[in-house]
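# Structure at a glance
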Amino acid sequence: MSGRAREPSKTSLSAVAATRAGAILVLAGLSLVAYEYRRALEPLYGSAPTNLHLTKIVWASSILGSFAPSIPISRATLALSLLLYALPHTSYWVAVYTGRLGDPVWGPIATHLIVLLPILSLGVAIVKALQEAPYSKEDLNAPQSSMTLPVCATAINALQGLWPAVPFLATQSENQIFLQLGTACASLWALEPFLPTIRPPPPPAVQAPEPAAAPPTPSAKGNRRKKGTPEKAAPTAPAAPPPPPAKEEKGGSKLRIALLPLFPLLTTTIIRPPTLPKPLPEPYTHPSYPLQILSSVQSAYSGVVVVGQSLASSGEPGHMDHLRYLRAGHSLLGGVWVGARAQAEDPSMLLKDEAGETLGDSIYSAFVLQEAARLVKKPGNKAPKNALMIGLGTGIAATSFVRHNLDTTIIEIDPAVYDAAHRFFGLPTPGPDRLFLQDARGWVRNRSASLTGSSTETAEGKDASLASPELYDIVVHDCFSGGGVPSHLYTQEFWTDLKNIVSPDGVVAVNFAGILENSSGKAIVSTLQAAFPRCRAFYDSLEPSHNLTSEFLNWVFFCTLSSEPLEFRRPVNADYLGSYLRRHVFSHLHEREANVSAVVAEIPQDERERYVLKDAANPLGEWQEKEAVGHWKIMRGVLPDVFWETY
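Only a predicted model underlies this, so the values are computations on that prediction, with no experimental measurement involved. (Residues numbered from 1 in each chain as written. Predicted model: local features only at pLDDT ≥ 70, side-chain atom pairs only at ≥ 80, totals over all residues. Heavy atoms only, no water.)

As a further point, take the overall build of the protein chain. Check the secondary structure of the protein chain and you find 21 helices and 17 strands. Across the 647 residues that make up the protein chain, the buried fraction comes to 49%. Within the protein chain, contacts between residues at least 6 apart in sequence are counted, and of these 73% link residues at least 24 apart. Of the accessible surface of the protein chain, which amounts to about 31100 Å², a share of 59% is contributed by carbon and sulfur atoms. (Helix = DSSP H or I, 4+ residues; strand = E, 2+ residues; numbered from the N terminus. Buried < 20%, exposed > 50% of the residue type's maximum accessible area, 1.4 Å probe, protein only. Contact = heavy atoms within 4.5 Å. Areas by Shrake-Rupley, 256 points an atom, 1.4 Å probe, with all protein chains shown as cover.)

Next comes the structure, spelled out in structure tokens:
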């Protein structure tokens, strides 16, 4: 006779709740690691190449961790802590060497596979082990690997969007976050022997099968069971006790506790990040290259904002002597010549920085080209009285407007960029109510609402100057960075609000860096032509270009609401401010004009509406993410690798 069917063992609900909570914490930590890892790579690769295939790597990590053999949680936690401690170095050095290969697609992929995939896979394996811990192997309610996979991948990708809203993270460098997470994992490993152990429930008792009765024999007749006598019950085999958990020796547990105070000490002494401290306490001179870093600060908007300066070289190929530059992330915001290359027609008109060092011309003529907005003719030959800067960079155009006695208002979202322009590039201190460190969309909307009587004003945009709002004669819109532009500042709705605060004969200068025949270039041109009755386009190349629509160029579009033709007056010596570059750009302005109407004319009639950007339909960001890969290569061609690797 066979034994009774085994009843399923019951899992402790408290154990399930505890392990589920632990799994959620691990997934939150993994999403934080992925978020900070992206921040760590942006100074070396920029946001678009970094994010291009990152989601696929997260899914690959989840697959590997979900279907890999189960591992002891304690050992996995220790291994995860070691990987996190190494992450500041691995993320930097692997990205440095893959970046030198010059491929912004496969370089980040290789970095993700080498650096991020092992960490996420190990973390997902811990989640899987936590989910399985309270269940026995025979329990049909135990979670399956096929369920762990989508939960982990979706959680890691989705939760990354929550971390920018945490104020604490905005003040911490990604390397410090890595080390703190590593210390948390190492501390859990050290305390593990003293934490409650969660084990599957013991298997239920199993009734042993009844042995087969031997056939009766004549000699056993007297031992035959009498009629009516109950049959003896089969003996029950006691359940085998669960194997005792492997406990460390007492000395091993004490050793772990003894190591606990060392973890925070390691993060501040031996395990130090390979990048510069932020903020940089004093200028840093590169030990093997003629390069000096004057400032390096953490930025919630740009990742890192760096002011560097090339020193006199002994003939290194590709080196540019006496160049001071400003970079945000992996984008060059501008620069000026210094030292022996700070020259001018009138040396007395050269600017000086906060430390008294002489500053020369801009390295980019696009910023000087923006200043040509002063040369636009106004009725009665009136001179412009004020200017509005949306986006600052090194402040070349803003400084020029101030020197020409225009009341100049500056809107810059990143305080670190303004501080760098003021300290190292000669930007004068703006007057009262002339500096707004915030997103331009809300500021322009509120200023427009104050003039049109609308009630859309927000608390963020309120300021004392709204009591007597002014119309601007000149607006310079320069928001290009990192291979793209903030798409919400290029829609029809934004231009409508902006036009409300521009004087009727004012001029708006819009900077765009890119290829006009690409989707983003077509969208910029189409939207500007739909918003303004008159626009003229100029490019900043010092030499005439023959491939205007297919070449990556810096463009400045001058647009006006006036019914009069948009014309430029002849420049005079006072316009040049003693600058050789300004004389060249202003004197040859007509040679850099291009008719971009063909860009819109080539768009099929039934598709043109798609390229007019609106708040409700704005694919500009998506288009520019694909095009930003080319911008990475351009930036690596402008400055040597060591300039991008030192921050």
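In the structure shown here, the tally under the stated rule is 18 aromatic pairs. Ring geometry for Y289 versus F643: centroids 6.0 Å apart, planes at 85°, classification edge-to-face. Pair noted here: Y289 is in the loop between β3 (284–285) and β4 (291–299) and F643 is in helix α21 (residues 641–645), with a separation of 354 residues, a long-range link. Overall, the relative accessible area of 1% leaves F643 in the buried class. Each ring, one from F538 and one from F558, has its centre 5.6 Å from the other, and the planes form 75°; the classification is edge-to-face. Of this pair, F538 sits in strand β15 (residues 534–539) while F558 is found in strand β16 (residues 553–560), placing the two residues 20 residues apart along the sequence. An identical accessibility class is assigned to F538 and F558; each is buried. Clustering of aromatic rings is evident, with ring pairs tying together Y92, W93, Y97 and Y647. The ring of W337 has R341 lying over it, and the distance from NZ or CZ to the ring centre is 3.9 Å. (Phe/Tyr/Trp six-rings, centres within 6.5 Å; stacked < 30°, edge-to-face > 60°. Lys NZ or Arg CZ within 6 Å of the ring centre and 35° of its normal.)

It is worth spelling out the sheet that holds β16 at this point. Strands sit in the order β12-β11-β10-β13-β14-β16-β15-β17 across an open sheet of 8 strands; the sheet is mixed. This sheet does not close on itself; its edge strands, each paired only once, are β12 (435–436) and β17 (593–594). Taken together, the 5 bridges between strand β10 (residues 386–390) and strand β11 (residues 407–411) define a ladder with parallel strand orientation. Bridge pairing links I390 to I411 in β11. (Pairing = 2+ DSSP bridges.)

Looking now at the side chain of K378. With respect to the element layout, K378 can be found in the loop between α11 (366–370) and β10. Once you skip the residues sitting within four places of it in the chain, K378 turns out to touch A383, P384, D473, S503, D505 and G506.

A separate point is the packing of helix α4 (residues 73–99) against helix α8 (residues 174–191). At a minimum axis separation of 8 Å, α4 and α8 run at an interaxial angle of 165°. Taken as axis vectors, α4 and α8 run roughly antiparallel relative to one another. The chirality of how α4 crosses α8 is left-handed. Listed contacts from α8 to S74, T77, L78, L80, S81, L84, Y85, L87, P88 and S91 of α4 are N175, F178, L179, L181, G182, T183, C185, A186, L188 and W189. A per-class count over the contact of α4 with α8 returns 13 nonpolar, 7 polar and no charged. (Axes fitted to C-alpha atoms, helices over the stretch in contact; angles between N-to-C directions. Parallel < 35°, antiparallel > 145°, perpendicular 65-115°, else oblique. Left-handed = near helix turned anticlockwise from the far one by under 90°. Nonpolar A, V, L, I, M, F, W, Y, C, P; charged D, E, K, R; others polar.)

Reading across the sheet, the 7 strands line up as β3-β4-β5-β6-β7-β9-β8 and stay open at both edges, with antiparallel pairing between neighbours. Of all the strands in the sheet, the pair left with one neighbour each is β3 and β8 (351–352). Where β3 and β4 come together, 2 bridges link them in antiparallel fashion. Residue pairing in the sheet places T285 in a bridge with Q292 of β4.

This part takes up unusual backbone geometry. Cis geometry marks the peptide bond from K278 to P279, where omega comes out at 0°. Along the chain, the position of P279 falls in the loop between α10 (262–268) and β3. In this model, H322 sits at a positive phi of 55°, which is unusual for a non-glycine residue. Mapped onto the secondary structure, H322 falls in the loop between β5 (303–310) and β6 (323–328). For H322, a relative accessible area of 21% translates into the label partly exposed. Even without glycine at this site, D433 takes up a positive phi of about 55°.

Keep in mind these values describe shape, not function.
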